[in-house]
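An overview of the molecular structure
Each chain, letter by letter, is given below.
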Amino acid sequence: MLWGSVQASERFAARDGGGTRLSRRKSLNERNVVIVAGLMRRGDALLLVQEQGPRDPAPFWALPGGRVEAGELLPEALIREVREETGLEVFKLGRLLYVTQHHSPQGFDWVAAAIPGESAQATAFIFEIIEWGGDLRPDDPDAFVVDARFLELAGAVASLEAAPRVMTEPLLAFLRGEVRPGAVWFYRRQPDGSDQLLDLLE
């Protein structure tokens, strides 16, 4: 498989300039975060939430979702996050649309357990949500979400442009039909702070 093959390792090293290599010895020191998010459609409109964390310079729009807490399964975490961020109650999940894995050798400043300069990674699972009920009434306990609304596709795409690349690129590619459901995207943060796409598996 991908991680166990010499060819894949060499391919990743080549795309990353050989500057960062995965090491089993480092795995225990990494901070690993699991995230889940949902794509909800109402006709041609998509549900997005506008959020701003304490270190975000400005609000941005994204799919509803968040971190999986200890003891939660992915569907349980998604149901909770959607309820908190939008007020809607999820009744039925659909397909797994895509997965992203994002590694930062310098760590993430939004990970509470992160140590500055220490490696961290986030893996996000994005599901289709096909049945839900209720009214839009955000009640985010973290107070990061400031708005939630269904936006027509063109407006949603324009609104997503301000979000980080690792959040928008896979979503827009899926919405445009450029990738099949179940695609897996691999990113690594570079020394200049940009995020490089290392590979895409379909």
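Heads up: these notes are all about the structure in this document. (Residues numbered from 1 in each chain as written. Predicted model: local features only at pLDDT ≥ 70, side-chain atom pairs only at ≥ 80, totals over all residues. Heavy atoms only, no water.)

**A closer look at the overall build of the protein**
- Per the secondary structure count, the protein includes 5 helices and 9 strands.
- N-terminal to C-terminal, the α/β element order of the protein is α-α-β-β-β-β-α-β-β-β-α-α-β-β.
- Relative to all contacts within the protein whose residues are 6 or more apart in sequence, the contacts with residues 24 or more apart total 67%.
- Surface accessibility of the protein: about 11100 Å² in total, with carbon and sulfur atoms responsible for 52%. (Helix = DSSP H or I, 4+ residues; strand = E, 2+ residues; numbered from the N terminus. Contact = heavy atoms within 4.5 Å. Areas by Shrake-Rupley, 256 points an atom, 1.4 Å probe, with all protein chains shown as cover.)

**Some remarks on helix α5 (residues 165–175)**
- Counting buried positions over the 11 residues of α5 gives 8, a clear majority of the element.
- Those residues of α5 that sit buried are Val166, Thr168, Pro170, Leu171, Leu172, Ala173, Phe174 and Leu175.
- Close packing links the buried residues of α5 with β1 (31–42), β2 (45–51), β5 (89–104), α4 (153–160), β8 (183–189) and β9 (195–201).
- A positive backbone phi angle near 75° is found at glycine 177, which sits one or two residues after α5. (Buried < 20%, exposed > 50% of the residue type's maximum accessible area, 1.4 Å probe, protein only.)

**What to know about the packing of aromatic side chains**
- All chains considered together, the criterion is met by 2 aromatic pairs.
- An angle of 20° between the planes, with centres 6.0 Å apart, marks the rings of tryptophan 132 and phenylalanine 150 as stacked. Placement of tryptophan 132 in strand β6 (residues 120–133) and of phenylalanine 150 in strand β7 (residues 145–152) is noted, with a sequence separation of 18 residues between them.
- Ring centres 6.5 Å apart and planes at 5° place the aromatic pair tryptophan 185 and tyrosine 187 in the stacked group. Side by side, tryptophan 185 and tyrosine 187 carry an identical accessibility label, which is buried. (Phe/Tyr/Trp six-rings, centres within 6.5 Å; stacked < 30°, edge-to-face > 60°.)

**A few points about helix α3 (residues 74–86)**
- In this model, α3 (13 residues) spans 18 Å end to end at C-alpha, consistent with the 18 Å of a helix rising 1.5 Å per residue.
- Where α3 is buried, its residues contact β1, β2, β4 (65–67), β5, β6 and β7.
- The first or second residue beyond α3 is glycine 87, which carries a positive phi of 85°. (Expected span 1.5 Å × (residues − 1).)

**Structural notes on the pairing of β1**
- Relative to β6, β1 runs parallel, the two being bridged by 10 bridges. Bridging across to β6, arginine 31 finds its partner in alanine 120.
- By the bridge criterion, 3 bridges tie β1 to β4 in an arrangement that is antiparallel. If you follow isoleucine 35 over to β4, its bridge partner there is arginine 67.
- Sheet topology note: the β1/β2 ladder contains 2 bridges and is antiparallel. The residue bridging arginine 42 from the neighbouring strand is alanine 45, located in β2. (Pairing = 2+ DSSP bridges.)

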